Amino acid sequence: MQSESPVAEYNRRLRAIADSTVGYRRRDNLLAVTKLVLGLFIVLAAIWLVKYHATKIFFLLIPVLLFVVLAVLHERVLRRLRDHARLRAYYEQGISRIENRWAGTGETGERFLDPSHPYARDLDIFGPASLFQFLCTARTRSGEETLAAWLQSAASIPEVAARQKAVQELTPRFDFRERLVLAGEEARAGVHSDKLIGWAEAAHSLNRMSIRITATSLAILWFLSLAAWWKWDWIGVAFFMCIVNFGVSYRWRAKLDPVAAAIDGAQHDLVLLAAILKLIENESAAAPKFVQLQTLLARSGALASKAIDELSRRVAWLDSRDNWFVKIFDPFVFWTPHCVAAIEAWRERHGEVIREWLAVTGEVEALTALAVHAYEHPADAFPQFVEGGPYFNAEGLAHPLLARDKSVSNDLRLDSDLQLVVISGPNMAGKSTFIRAVGVNTVLAQAGAPVCARSMTLSGLQVTASICILDSLQGGLSRFYAEISRLKQIDELTKGSVPVLFLLDELLSGTNSYDRRIGTESFVRSLLTRGAIGLVTTHDLALAEIAEGIGPAAANFHFSDRFEDGRLYFDYKLAPGIVQTTNALLLMRSIGLEV
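Nothing here was measured: the structure is a model prediction, and the numbers come from that model. (Residues numbered from 1 in each chain as written. Predicted model: local features only at pLDDT ≥ 70, side-chain atom pairs only at ≥ 80, totals over all residues. Heavy atoms only, no water.)

### So, a nonpolar patch on the surface
Thought 1: On the surface, Val-50, Ile-57, Phe-58, Phe-59, Leu-61, Ile-62 and Leu-65 cluster together into a nonpolar patch covering about 730 Å² of accessible area.
Thought 2: Among the elements that make up the nonpolar patch, the one with the highest residue count is helix 2 (residues 61-98) (three residues).
Thought 3: With respect to the secondary-structure elements, Phe-59 resides in the loop between helix 1 (6-52) and helix 2. (Patch = residues over 30% accessible without salt bridge, like charges linked within 9 Å, V, L, I, M, F, W, Y side chains within 5 Å. Areas by Shrake-Rupley, 256 points an atom, 1.4 Å probe, with all protein chains shown as cover. Salt bridge = Lys/Arg side-chain N within 4 Å of Asp/Glu carboxyl O. Helix = DSSP H or I, 4+ residues; strand = E, 2+ residues; numbered from the N terminus.)

This is the structure we're talking about:
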């Protein structure tokens, strides 16, 4: 049980960060002024000594060394201030999520949105103010990709149970989450997993040993030629070796540059990855899922964090070739070939497990994102799962992206006895929001997260939806054709082994009433025949008769409104039966239209 509310805990930590920041600001100012004064003293002292006591210039080593010490101490203070800024932003974002001020901040995940996905667009899984933006706290692209994958495809029941245990264990672990926030540098989502995996798994195109032997031999001969020039004035030998080494370097460039470019500049990414991997390796855990992930990081015979740290150092050597001093001597001492050969040697040892290490990082970050969600919404329940199905039973269900103090909860049960609920109601009464709440909570449940409900029990379900169907001018698709294409997709999914949960909002509204009535009933009957369960919403009262025609496997429910003192009021409560009110004409009059 949480001892205090998440907002209170976050505010307590923010106050502690603010108090600590004040102290570090004082040190920052003191060290900055001290460095400035000492720097001026060194410059003035150097001018005076050069002019009057040149033989005593070495005495400047003392203040110079002191300046270096102050610079190191100052950098540590600045790093702490940067850490405080990151933690402050992290906790402020958490409060924003709890207080429903989060929309428009954070990663939207739009790059994961597939228009053909059976529910992602309809349930606002990706995009601004989406479920992904609400949940995502990942710092690597692997974490974002894993969370996106979990939200797009249901896990098996045993996998969901394993994730739930890991999420529950991670939920109270503030220190672990803080260390993840502070790992590596400030850039977020820095590790480009596709690029790193592509490099690690690419075919080996270099004869590494031949390059190393040749480069080492020629570099030694070049240094010896310089020594001969200095000792015996053999300038011809030195010139000859310069020409030879430059020629070999130029010939190797076409072969080495693509290999170097594949990993060049990735040093920051690797520092972040190594820091996160080390945190995962060192975290004590009892949840089988987390322990299994930790085991994968040592399966290759070396700890993943140490191996990545070693690669990071080698890439840093390679990056130093951009230094002008290194650029001048690189063609003669073969700095780039030596670095590339060292990196290729690392790739031969560990390249095959990079994908696995990144996958582990992604899973831990995704589990942490769900743990943050669980902590910040302690009233949300972890769902229970049953074998077989179809089955869906939720009490106190609400949409997780709405403010908890304003959302209205409802109960819903669907199973083999009651497969279909037809929801009628006037405009703005809450029909679309309710079926989205059902869909989004089912997605959360099958990802391993808690749901916005007092309790929920369900079987494995394939979520499908036809809520937000868009036409395509470029694709030449009308809205109606786009909708029936989605219905065809839903129909095909009912032929699979997992029961389908369908969520259909204002079905076939783009055609005439007669075709709509027949088309809707025929389609829904075919889904029920294949064991699907689901919801159909409508404000067309004629479609509410479908439930009566189907029999006991279907039922009518509704949302209603009332008009008082020139205003519409909604209670957003789901009630049995067909709605008895309409509000379209009232709404038109309320904004000044003559009807």
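After presenting the structure, the write-up continues.
### Topic: the packing of helix 1 against helix 2
Thought 1: Direction vectors running N to C along helix 1 and helix 2 enclose 155 degrees, while the axes themselves pass 8 Å from each other. Between helix 1 and helix 2, the angle is such that the two are roughly antiparallel. Relative to helix 2, the crossing made by helix 1 is left-handed. (Axes fitted to C-alpha atoms, helices over the stretch in contact; angles between N-to-C directions. Parallel < 35°, antiparallel > 145°, perpendicular 65-115°, else oblique. Left-handed = near helix turned anticlockwise from the far one by under 90°.)

### Side note on the nonpolar core
Taken as a class, soluble globular proteins show a tendency for nonpolar side chains to be buried jointly.
Thought 1: Core analysis: the biggest nonpolar cluster contains 114 residues, and Leu-131, Phe-392, Phe-434, Leu-503 and Leu-535 have the highest contact counts within it.
Thought 2: Among residues more than four places away in sequence, those in contact with Leu-535 are Leu-412, Leu-414, Val-421, Ile-423, Phe-434, Ile-435, Val-438, Phe-502, Leu-503 and Leu-504. (Core = buried A, V, L, I, M, F, W, Y, C linked by side-chain atoms within 4.5 Å. Buried < 20%, exposed > 50% of the residue type's maximum accessible area, 1.4 Å probe, protein only. Contact = heavy atoms within 4.5 Å.)

### Regarding the sheet that holds strand 1 (residues 384-385)
Thought 1: Strands sit in the order 1-5-2-3 across an open sheet of four strands; the sheet is mixed. Every interior strand has two partners, whereas the edge strands, strand 1 and strand 3 (410-415), have only one.
Thought 2: Helix-sheet contacts for helix 16 (residues 431-447) involve strand 1, strand 2 (391-397), strand 3 and strand 5 (455-458), and the interaxial angle to strand 2 is about 110 degrees. (Pairing = 2+ DSSP bridges.)

### A short note on the confidence of the model for the chain
Thought 1: For the chain, per-residue confidence averages 87 on the pLDDT scale, and 92% of positions sit at 70 or higher.
Thought 2: In the model, residues 471-476 has pLDDT below 50 throughout and makes four contacts with residues more than four positions away in sequence or in other chains. (pLDDT = per-residue confidence, 0-100.)

### Here we look at the pattern of salt bridges
Thought 1: For the structure shown, the criterion picks out 30 salt bridges.
Thought 2: Between Arg-111 and Glu-144 there is a salt bridge whose closest N-O contact spans 2.7 Å. With Arg-111 in the loop between helix 2 and helix 3 (131-135) and Glu-144 in helix 4 (residues 141-152), this residue pair connects regions lying 33 residues apart in the sequence.
Thought 3: By relative accessible area, which is 43% here, Arg-111 ends up partly exposed.
Thought 4: Note that Glu-310 and Arg-349 form a salt bridge whose closest N and O atoms lie 3.1 Å from each other. With Glu-310 in helix 12 (residues 304-319) and Arg-349 in helix 14 (residues 335-350), the pair connects residues that are 39 residues apart, well separated along the chain.
Thought 5: The class for Arg-349 is partly exposed, based on a relative accessible area of 46%.

### Side note on helix 5 (residues 157-170)
Thought 1: A rise of 1.5 Å per residue sets the reference length of helix 5, with its 14 residues, at 20 Å; its end C-alpha atoms lie 20 Å apart and thus fit the reference within 8%.
Thought 2: Every buried residue of helix 5 is listed here: Val-160, Arg-163, Gln-164, Ala-166, Val-167, Glu-169 and Leu-170.
Thought 3: Contact partners of the buried residues in helix 5: helix 4, helix 6 (174-182), helix 11 (288-296), helix 15 (354-376), strand 1 and helix 16. (Expected span 1.5 Å × (residues − 1).)

### Structural notes on the packing of aromatic side chains
Thought 1: If you walk through the whole model with that rule in mind, you get 22 aromatic pairs.
Thought 2: Geometrically, the ring pair formed by Trp-102 and Phe-134 is tilted, given 5.0 Å between the ring centres and 50 degrees between the ring planes. Here Trp-102 is found in the loop between helix 2 and helix 3, whereas its partner Phe-134 is found in helix 3, with 32 residues between them in sequence.
Thought 3: A relative accessible area of 3% places Trp-102 in the buried class.
Thought 4: We note Arg-163 situated over the ring of Trp-150; from NZ or CZ to the ring centre the distance is 3.8 Å. (Phe/Tyr/Trp six-rings, centres within 6.5 Å; stacked < 30°, edge-to-face > 60°. Lys NZ or Arg CZ within 6 Å of the ring centre and 35° of its normal.)

### Quick word on the sheet that holds strand 7 (residues 500-505)
Thought 1: Pairing in this open sheet of six strands is mixed, and the strands run 6-7-8-4-9-12 from one edge to the other. Unpaired on one side and paired on the other, strand 6 (462-466) and strand 12 (575-576) mark the two borders of the sheet.
Thought 2: Across five bridges, the pairing between strand 7 and strand 8 (residues 533-538) is parallel. Residue pairing across strands places Leu-503 opposite Leu-535, the latter belonging to strand 8.
Thought 3: Docked against the sheet, helix 17 (residues 479-493) engages strand 6 and strand 7, running at close to 165 degrees with respect to strand 6.
Thought 4: Lying on the sheet, helix 18 (residues 513-529) is in contact with strand 4 (420-424), strand 7 and strand 8; it crosses strand 7 at an angle near 165 degrees.

### What about the environment of Ala-228?
Thought 1: Its place among the elements puts Ala-228 in helix 8 (residues 208-232).
Thought 2: Along the sequence, Ala-228 and Ala-238 sit 10 residues apart, while their C-alpha atoms lie 7.6 Å from each other.
Thought 3: Setting aside residues up to four positions removed in sequence, Ala-228 forms contacts with Asp-233 and Trp-234.

### Some words on unusual backbone geometry
Thought 1: Of note, the amide linkage connecting Gly-389 to Pro-390 takes the cis form, showing an omega dihedral of 10 degrees.
Thought 2: As for its placement among the helices and strands, Pro-390 is situated in the loop between strand 1 and strand 2.
Thought 3: Of note in the backbone geometry, Asp-124 takes a positive phi value of approximately 55 degrees without being a glycine.
Thought 4: Turning to its location among the elements, Asp-124 is positioned in the loop between helix 2 and helix 3.
Thought 5: Although it is not a glycine, Ala-129 adopts a positive phi angle of roughly 55 degrees.
Thought 6: Tracing the chain through its elements places Ala-129 in the loop between helix 2 and helix 3.

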